[in-house]
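This is what each chain is made of:
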Amino acid sequence: MKKDFSIKIRRMTAMVLVLTMLIQLTACGGADSSSGLADEPGYGKWVDSDLKGSVNADDVIRLQDDFAASANKETITSARVKDQLIWTTGADATDLLQTRFRELLRDESLTGPNAEVMRTFESLVLDWDERDRLGVEPIRKYIDDIQSISSIEEMTEYQSSLERNPFNLGLIMPSTVNAQEIHVDQSTLVLKVPAYTLGSRDSYLDFSDSSLELKEVMDDTISYLLGRLGYDEKSIKNTLRGCYEIEQFLATNECMSLYNRNEILNKVQTDRAALESYTCGYPLFEILDGRGFSEAESFNVDYMLLSRLNRIYDQDHLEELKAFLTVQMLKYGYSMLDRETIEKTREIGASKTEKHDGEIVERTDDQEFSAMIADCSFKPAMDQLYLEKYFPDDTSTDKIRDFIDRLKESYRIMIYEEDWLSEETKAAAVEKLDHMVIQVVRPSNTADYSMVTVKSYDEGGTILDAAASASRLLCAHMAERASDPNIDREFWDIYDKGFSTTTVNCFYNRERNSIFIMAGFVAIGETIYGEDITDEEFMGCVGSVAGHEISHGFDSNGSHNDLYGRRYDDSGQETDWMSTEDRSRLDERVGRVGSYFSLARPIPGQQQVEGIRVMNEATADMAGIKAVLYMARDIEGFDYDSFFRGYAALYATQTEEKFEVEAIEDDEHPLDFHRVNITLQQFDEFLDTYDIKPGDGMYLDPDKRINVW
Ligand SMILES: [Zn+2]
């Protein structure tokens with residue numbers, strides 16, 4: 001219910017904003033206001049080419065009127081695209097990687113423990129007959145072990161044992177090793193509560209329609225799984241009740257988002273001695289030390305929640321705690337079981353969520369294997385093999401690195417040229433740019449799965465046992481990192497699951513002032529152009545995104561973190577390096593981006609774009625293109641047409657109206673055809689390349705341009 005209400009408010013705010021803007025625009029004596037389309041991006045000449053069926057193969061669309069629709073026409077009208085519910089260039093790249101994962105296991109030149117482990121694991125995952133024969137049995141011993149816990153002391157022992165509890169189940173458990181808040185060259189172990197069954201903490205504080213929907217799905221899924229394990233109705237009910245009771249407690253007592261600066265720096269970020277005083281009887285250190293973290297000296301934890309755990313951690317709550325762990329185990333392991341489980345749980349999910357109209361999308365073997373690699377902690381091994389096969393030497397990574405160095409040079413010039421920024425802010429921005437760490441494709445260390453045991457079905461192995469072994473390796477690795485008091489901001493850990501290089505993405509990490517260009521994102525270029533991609537095409541579809549990411553270091557969010565990614569300096573003061581005046585000028589400029597986007601109504605009669613939501617990402621898109629165009633000035637014979645088409649190809653998309661409406665309501669990124677058309681129409685180079693003139697759909701008067709940088 002809350003959701004509906006907030007949407008209404010959101011829509012009203014958006015409407016008021018749009019009305020105000022329209023009034024302002026007409027009051028300024030803008031373009032012909034007799035037509036409602038006069039100020040709309042594209043003047044009514046753009047079709048929403050992201051929508052299925054909006055463009056047909058025999059449509060005649062001029063590049064000058066609608067670049068996205070025209071440049072991508074062939075791609076978005078192809079049969080291959082039409083077969084899919086939602087199609088994007090990124091989805092094609094994901095498919096390519098998934099196919100490659102299995103292909104490279106056939107390559108006999110890849111030897112060693114990683115390759116061996118992955119080959120056996122693949123046979124476990126894709127042998128459906130064996131999976132069906134085993135049914136739900138592989139998870140039974142893990143559930144039985146939890147159910148056998150007979151005292152609160154044994155509950156502690158269970159949580160602390162890597163052997164019994166390989167999947168890190170517990171109330172507050174090690175999650176990752178990060179840099180400390182102020183001393184970013186020193187490490188800290190981040191402790192977290194596990195993922196909530198109902199998605200997020202908010203679901204327990206105020207039930208919304210979507211959280212109730214999710215609760216139904218989860219209740220039915222858990223009930224089905226327990227039923228198959230032989231639980232009767234009463235025990236199923238008790239398990240669910242017990243689990244929600246513990247989760248409700250955690251959700252209502254979590255305080256992480258409420259701490260002030262002083263608390264974050266002195267209490268959330270804490271050492272062993274101080275942390276001891278927050279445990280209030282909860283055996284945190286027994287659990288951590290048992291799991292190998294006895295040498296960790298620095299911690300980052302919700303100390304208030306920790307200090308309250310003793311209220312539920314006792315013999316009286318043992319059954320609830322067991323129920324909580326049981327549900328965690330089921331959620332983790334059910335996708336590793338037989339076909340019946342997979343089909344049934346998908347069916348439950350599909351029948352309760354209207355968004356997919358009850359449609360169940362089957363996974364191919366490639367997709368299944370790829371999903372299991374991630375779910376079962378084998379991603380680092382797979383990433384390692386992928387790099388060995390597709391990036392055997394530094395030729396291509398050096399080229400990308402060189403490109404990004406030149407891109408940084410463009411940014412230096414862009415920053416100095418901005419007359420709305422003060423000299424001090426420019427200097428700080430450039431200093432931050434100089435310290436930005438560029439991570440390209442290859443993590444700093446190599447994955448080694450020689451300690452991981454993967455037994456075949458003949459040897460009595462199961463997917464879950466393989467996952468347990470891999471998970472123990474990752475826990476041990478985290479413990480090793482946590483025991484090192486130092487941390488290097490430039491170290492990219494291949495075992496860090498948030499930074500897998502086979503992800504089809506690039507991103508800027510604010511806390512490290514680093515950008516990551518993943519091997520998976522480089523595959524985008526190959527997806528579109530094959531191996532013979534030209535420099536301009538590469539710069540269009542990959543380089544422009546690298547440029548986008550760099551700009552996040554200087555936007556409204558990024559400017560709160562300093563050159564090392566810190567939010568607080570040595571004296572505990574906020575490291576905001578942008579002066580108040582510069583920040584308000586930045587906000588004003590970004591606000592204009594929002595206003596322009598708010599004029600767009602891609603689907604007639606439907607949800608209008610909310611400029612406020614997308615303005616930051618739209619700003620980054622324009623900055624990325626500008627940086628590459630600055631680079632291009634120094635490249636003789638630069639093929640602008642290829643570059644702009646490469647950029648458009650990156651955002652070729654086909655989707656259905658309901659998904660687009662959802663994206664308009666939730667996504668911080670503009671719609672893909674807007675990312676192409678609105679971004680490109682800001683630049684002279686683009687208008688000149690295609691001889692775009694007033695009256696053309698892509699034309700934007702220089703006075704009305706909105707690019708911030
Ligand atoms: Zn972004």
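Since the structure is predicted, the reported quantities are computational estimates derived from the model, not experimental observations. (Residues numbered from 1 in each chain as written. Predicted model: local features only at pLDDT ≥ 70, side-chain atom pairs only at ≥ 80, totals over all residues. Heavy atoms only, no water.)

Some remarks on the sheet that holds strand 8 (residues 514-517)
Phase 1: Read from one edge to the other, the open sheet built from three strands follows the order 6-8-7, with strand pairing classed as mixed. Since the sheet does not close on itself, it has two edges, and those belong to strand 6 (437-440) and strand 7 (506-509), each with one partner. Here the average twist between neighbouring strands, direction ignored, is 15°.
Phase 2: Looking at chain direction, strand 6 and strand 8 are connected through four bridges and run parallel. Counterpart to Ile-438 in the pairing with strand 8 is Ile-515. (Pairing = 2+ DSSP bridges. Helix = DSSP H or I, 4+ residues; strand = E, 2+ residues; numbered from the N terminus. Axes fitted to C-alpha atoms, helices over the stretch in contact; angles between N-to-C directions.)

Observations concerning the nonpolar core
Phase 1: By size, the foremost hydrophobic cluster in this structure holds 199 residues, and its most contacted members are Phe-67, Met-118, Phe-121, Phe-378 and Tyr-449.
Phase 2: Counting residues per element, this core draws most heavily on helix 27 (residues 611-632), which supplies 12 residues.
Phase 3: Every residue in contact with Phe-121, bar those within four places of it in the chain, is listed here: Phe-369, Met-372, Ile-373, Cys-376, Phe-378, Val-454, Ile-463 and Ala-466.
Phase 4: Counting residues in each nonpolar core, the second largest holds six residues, with Ala-69, Val-81, Trp-87 and Ala-652 among its members. (Core = buried A, V, L, I, M, F, W, Y, C linked by side-chain atoms within 4.5 Å. Buried < 20%, exposed > 50% of the residue type's maximum accessible area, 1.4 Å probe, protein only. Contact = heavy atoms within 4.5 Å.)

Here's the deal with the coordination of the zinc ion
Phase 1: Taken together, the protein ligands of the zinc ion are His-548 (NE2), His-552 (NE2) and Glu-617 (OE), with distances of 2.0 to 2.1 Å.
Phase 2: Positions of the donor residues of the zinc ion, expressed as sequence spacing, correspond to H-x3-H-x64-E. On the criterion of sequence distance, the pair formed by His-548 in helix 25 (residues 535-551) and Glu-617 in helix 27 is long-range, its members being 69 residues apart.
Phase 3: With relative accessibility at 5%, the residue His-548 sits in the buried group.
Phase 4: Owing to a relative accessible area of 12%, Glu-617 belongs among the buried residues under this scheme. (Donors = N, O, S within 2.8 Å, 3.2 Å for Na, K, Ca; no water.)

Brief notes about the sheet that holds strand 5 (residues 298-300)
Phase 1: The strand order across the open sheet built from four strands is 2-3-5-4, with neighbouring strands paired in mixed fashion. The outermost strands of the open sheet, each flanked by one partner alone, are strand 2 (173-179) and strand 4 (269-271). Adjacent strand axes in the sheet meet at a mean angle of 35°, parallel and antiparallel pairs treated alike.
Phase 2: Sheet analysis places strand 4 next to strand 5, joined by three bridges and oriented antiparallel. Counterpart to Thr-270 in the pairing with strand 5 is Phe-299.
Phase 3: Lying over the sheet, helix 14 (residues 272-279) contacts strand 3 (187-192), strand 4 and strand 5, oriented at roughly 105° with respect to strand 4.
Phase 4: Contacting strand 2 and strand 3, helix 23 (residues 463-483) crosses the sheet at an angle of about 45° to strand 2.

Overview of the pattern of salt bridges
Phase 1: Taken as a whole, this structure holds 43 salt bridges when the rule is applied.
Phase 2: Its salt-bridge partner being Lys-399, residue Asp-535 comes within 3.1 Å of it at the nearest N-O pair. Remark: Lys-399 occurs in helix 21 (residues 395-417) and Asp-535 occurs in helix 25; sequence separation between them is 136 residues.
Phase 3: Of the residues examined, Asp-535 reaches a relative accessible area of 44% and is grouped as partly exposed.
Phase 4: Note on Lys-399: relative accessible area 54%, which makes it exposed.
Phase 5: Notably, a salt bridge pairs Arg-585 with Asp-582, separated by 2.7 Å at the nearest N-O pair. Residue Arg-585 and its partner Asp-582 are both found in helix 26 (residues 580-598); the two are separated by three residues, about one turn of the helix.
Phase 6: Judged by relative accessible area, which is 34%, Arg-585 ranks as partly exposed.
Phase 7: Here the salt bridges do not stand alone but share partners, grouping Arg-102, Arg-106, Glu-122 and Asp-366 into one network. (Salt bridge = Lys/Arg side-chain N within 4 Å of Asp/Glu carboxyl O.)

Section: the confidence of the model for the protein
Phase 1: Overall, the prediction assigns the protein a mean pLDDT of 91, with 94% of residues at 70 or greater.
Phase 2: Across residues 1-35 the pLDDT falls below 50, and counting only partners more than four positions away or on other chains, this stretch makes 29 contacts in the model. (pLDDT = per-residue confidence, 0-100.)

Structural notes on the side chain of Ser-307
Phase 1: As for its position among the elements, Ser-307 is in helix 16 (residues 303-308).
Phase 2: Engagement of the side chain of Ser-307 in a polar contact is seen with the backbone oxygen of Met-304, the distance being 2.7 Å.
Phase 3: Residues within four places of Ser-307 in sequence aside, it is in contact with Tyr-278 and Cys-280. (Polar contact = N/O pair within 3.5 Å; in protein donor to acceptor, adjacent residues only side chain to side chain.)

Some words on the packing of helix 6 (residues 113-126) against helix 20 (residues 379-390)
Phase 1: It is at 10 Å that the axes of helix 6 and helix 20 come closest, and there the two elements cross at 120°. The orientation of helix 6 with respect to helix 20, classified from their angle, is oblique. Helix-helix and strand crossings are classified by hand; for helix 6 and helix 20 the assignment is left-handed. Contacts from Asn-114, Ala-115 and Met-118 in helix 6 reach Ala-381, Met-382, Gln-384 and Leu-385 in helix 20. (Parallel < 35°, antiparallel > 145°, perpendicular 65-115°, else oblique. Left-handed = near helix turned anticlockwise from the far one by under 90°.)

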